[in-house]
Amino acid sequence: MYLTNLIPCFTGKLFSNHYSTKKSSVTGDLKWWLKGASTLPQKKLLKFEHAISDSLKAIDLLEEIPNLLGCDLYYDSAGVAIKEYRSDIETYSRTTENIRAEILEDGSVTEEIICMIWLLRESGCMHDFFSRNELEKVNTRMNELYQSVLLAKVLFPIQIHHGIEIAIKQFLHMKKRFVKTAVGSTINFFFPMLERSQAVFIETEAWFSNSNKRLNDVISRLESYGHKVKVLEKGPISTIKIDNLVYEAVPHVVYMRVPIQGVRLLPKRPI
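Residues numbered from 1 in each chain as written. Predicted model: local features only at pLDDT ≥ 70, side-chain atom pairs only at ≥ 80, totals over all residues. Heavy atoms only, no water.

Undergrad: Whenever I open this one, the overall build of the protein confuses me. Can you help?
TA: Helix and strand counts for the protein come out as 11 helices and nine strands. Per-residue burial over the protein gives 38% buried out of 271 residues. Partitioning the intrachain contacts of the protein with sequence separation of at least 6 by distance along the chain shows that 57% fall at a separation of at least 24. Per element, the accessible surface of the protein, about 15,500 Å² overall, is 55% carbon and sulfur. (Helix = DSSP H or I, 4+ residues; strand = E, 2+ residues; numbered from the N terminus. Buried < 20%, exposed > 50% of the residue type's maximum accessible area, 1.4 Å probe, protein only. Contact = heavy atoms within 4.5 Å. Areas by Shrake-Rupley, 256 points an atom, 1.4 Å probe, with all protein chains shown as cover.)

Pasting the structure below:
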C-alpha cells in the first residue's frame, strides 16, 4: 500500500536538491529517474529509509523489533543485537491479499497494484507472495497489462534490482546467491529470488519425543524477543506464523562439544 510512494518520493524528494534552483530544467523519463534512484549514495538511501519509516511509525503501521536471527543459538549466546521492521499485521495481510486478488483474478488492475507488482519483482519477493503455479498466472497478467496499460508498458521493462541485491548483501553481511528465474514470452520478466540462509536454530530443553514442549520452548524464546507468534499447525514438524511470515519448525541437532537439540526455523514458501 505504501510501497508505491517509492516512485514519487524518489523523483520528488531524493532528487529535489539537485534541481532546487532550476526547477524548470528537470528532465528525464521514468526509467532515468528510477535508474538514478537505484544508484543513490548510501547516505541518501538512509535518509529516505528514515523518512518513510518514521512516517509509518507515526501512524502505527510500522515498528522496529529484534531480527529473527537474534533468537538463533549463536547470536543469542553472543549477545548480538540485530533490528528489523515489522509491518502492522492486519494492514500487511489486507494489502497482500488485495494484491493477490487483483493480479490473480480477471478484471481491471489499478495503477497502484501495477506499481506494487513491479516493486515485488524488483525486490525479489515474488516467490514469497505467489506459488510456482501462480507465478505463471502473474506472468500472463503482466504480459496482458504490458499490452493494454500505458503505465505497465513504461514500467515493466525497467529493471533496477541489481542495485537492490547489492544493498541486501551489504546489509546482511552474509554470502548469498541470487537466482533469476526468467518467466514470460512477450518480455523476459525476471523474478529474482533471494536464497534465504537465515535458517534460525533455537535450542530447546525438551527431547524430540515431546513435540508440544519443544514447540512451547520455541514460542517462549520468540515472544521474549518481541515477536508475535501464531501456531498454524501442530505436529512433528509444526507450522507457525512469526510476525508476517510462515515458518516450519523442524527438529534438529547441532553438534558442538555436546549435541544440542532444538528446532530449525525454515521459511515456508507457497507451493
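Undergrad: What should I look at first to understand the packing of helix α5 (residues 89-104) against helix α8 (residues 132-148) in this one?
TA: For any two helices packed against each other, one specifies the inter-axial angle together with the distance between the axes. At a minimum axis distance of 9 Å, the contact between α5 and α8 shows a crossing angle of 65°. Here α5 lies roughly perpendicular to α8, going by the angle between them. Here Arg100, Glu102, Ile103 and Leu104 of α5 come into contact with α8, specifically with Glu134, Lys137, Val138, Arg141 and Leu145. In terms of residue class, the contact of α5 with α8 is built from four nonpolar, no polar and five charged. (Axes fitted to C-alpha atoms, helices over the stretch in contact; angles between N-to-C directions. Parallel < 35°, antiparallel > 145°, perpendicular 65-115°, else oblique. Nonpolar A, V, L, I, M, F, W, Y, C, P; charged D, E, K, R; others polar.)

Undergrad: How do you make sense of the pairing of strand β7 (residues 238-242) when you look at a structure like this?
TA: Every other side chain in a regular strand lies on the same face of the sheet, so the side chains alternate between the two faces. Counting buried positions along β7 yields four of five residues, so the element is predominantly enclosed. Taken together, the four bridges between strand β6 (residues 229-233) and β7 define a ladder with antiparallel strand orientation. When the bridges of β7 are listed, Lys230 appears paired with Lys241. In this structure, the hairpin formed by β6 and β7 is closed by a connection of four residues. Across five bridges, β7 lies against strand β8 (residues 245-255) in antiparallel orientation. (Pairing = 2+ DSSP bridges.)

Undergrad: Mind showing me how you'd approach the sheet that holds strand β9 (residues 259-267) here?
TA: Within a sheet, each strand pairs with its neighbour through backbone hydrogen bonds, oriented either parallel or antiparallel. Judged by pairing direction, the sheet is antiparallel, and its five strands sit side by side in the order β5-β9-β8-β7-β6 without closing on themselves. Only two strands of the sheet have a single neighbouring strand rather than two, namely β5 (200-203) and β6. Direction aside, neighbouring strands of the sheet carry axes that sit 40° apart on average.

Undergrad: Looking at this structure, how should I read the side chain of Thr95?
TA: Tracing the backbone through its elements, the reader meets Thr95 in helix α5. What makes Thr95 buried here is its relative accessible area of 16%. Among the polar contacts made by the side chain of Thr95, one reaches the main-chain carbonyl oxygen of Thr91 at a distance of 2.8 Å. (Polar contact = N/O pair within 3.5 Å; in protein donor to acceptor, adjacent residues only side chain to side chain.)

Undergrad: Help me out: how do you make sense of the environment of Asp76 in this one?
TA: Residue position: Asp76 is located in helix α4 (residues 73-78). The partly exposed category is assigned to Asp76, whose relative accessible area is 27%. Ignoring sequence-local partners within four residues, the contact set of Asp76 consists of Gly70, Cys71, Arg221 and Tyr225.

Undergrad: Please clarify how the nonpolar core should be interpreted in this entry.
TA: One broad rule of soluble globular proteins: the nonpolar side chains tend to lie buried together. Counting 25 residues, the largest nonpolar core has Ile117, Trp118, Met126, Phe130 and Phe156 as the members making the most contacts within it. Only α5, α6 (111-122), α7 (126-129), α8 and α9 (150-155) provide two or more residues apiece to this core. (Core = buried A, V, L, I, M, F, W, Y, C linked by side-chain atoms within 4.5 Å.)

Undergrad: I keep staring at the side chain of Arg141 and nothing clicks. Help me out?
TA: By the secondary structure assignment, Arg141 is in helix α8. A distance of 3.1 Å separates a polar side-chain atom of Arg141 from the backbone oxygen of Ile103. For Arg141, the residues in contact, after removing those within four places along its chain, are Glu102, Ile103, Glu105, Asp106, Gly107 and Val109.

Undergrad: Any chance you could explain the packing of aromatic side chains here in plain terms?
TA: Aromatic rings considered in pairs are described by the distance between their centres and by the relative angle of their planes. Within the structure shown, the criterion is met by two aromatic pairs. Arranged with centres 4.9 Å apart and planes meeting at 85°, the rings of Trp32 and Trp33 form a pair that is edge-to-face. Judged by relative accessible area, which is 43%, Trp32 ranks as partly exposed. The aromatic ring of Tyr146 is capped on one face by Lys153, whose charged end is 4.4 Å from the ring centroid. (Phe/Tyr/Trp six-rings, centres within 6.5 Å; stacked < 30°, edge-to-face > 60°. Lys NZ or Arg CZ within 6 Å of the ring centre and 35° of its normal.)

Undergrad: Honestly, unusual backbone geometry in this entry has me stumped. Any pointers?
TA: For residues other than glycine, phi is negative in most cases, and the peptide bonds are mostly trans. Positive phi, close to 60°, is recorded for Asp60, a residue that is not glycine. Locating Asp60 in the fold gives a position in the loop between α3 (42-58) and β1 (62-66). Positive phi values are uncommon outside glycine, yet Asp243 reaches one of about 60°.

Undergrad: Explain the packing of α5 against α6 here, please?
TA: Direction vectors running N to C along α5 and α6 enclose 105°, while the axes themselves pass 10 Å from each other. As summarised for this structure, α5 and α6 are arranged roughly perpendicular, according to the angle between their axes. Between α5 and α6, the residues in contact are Thr95, Asn98, Ile99, Glu102 and Ile103 and Ile113, Met116, Ile117 and Leu120, respectively. Residues belonging to the contact of α5 with α6 are distributed by class as follows: six nonpolar, two polar and one charged.

Undergrad: Quick question: what am I supposed to make of the confidence of the model for the protein here?
TA: It should be kept in mind that the predicted coordinates are not to be read in detail where pLDDT is low. Here the protein shows a mean pLDDT of 76. Residues at 70 or above account for 73%. Averaged over each element, pLDDT in the protein is lowest for strand β3 (residues 178-183) (34) and highest for β6 (94). Per-residue pLDDT stays below 50 along residues 169-197; that stretch engages in 73 contacts with residues further than four places along the chain or on separate chains. (pLDDT = per-residue confidence, 0-100.)

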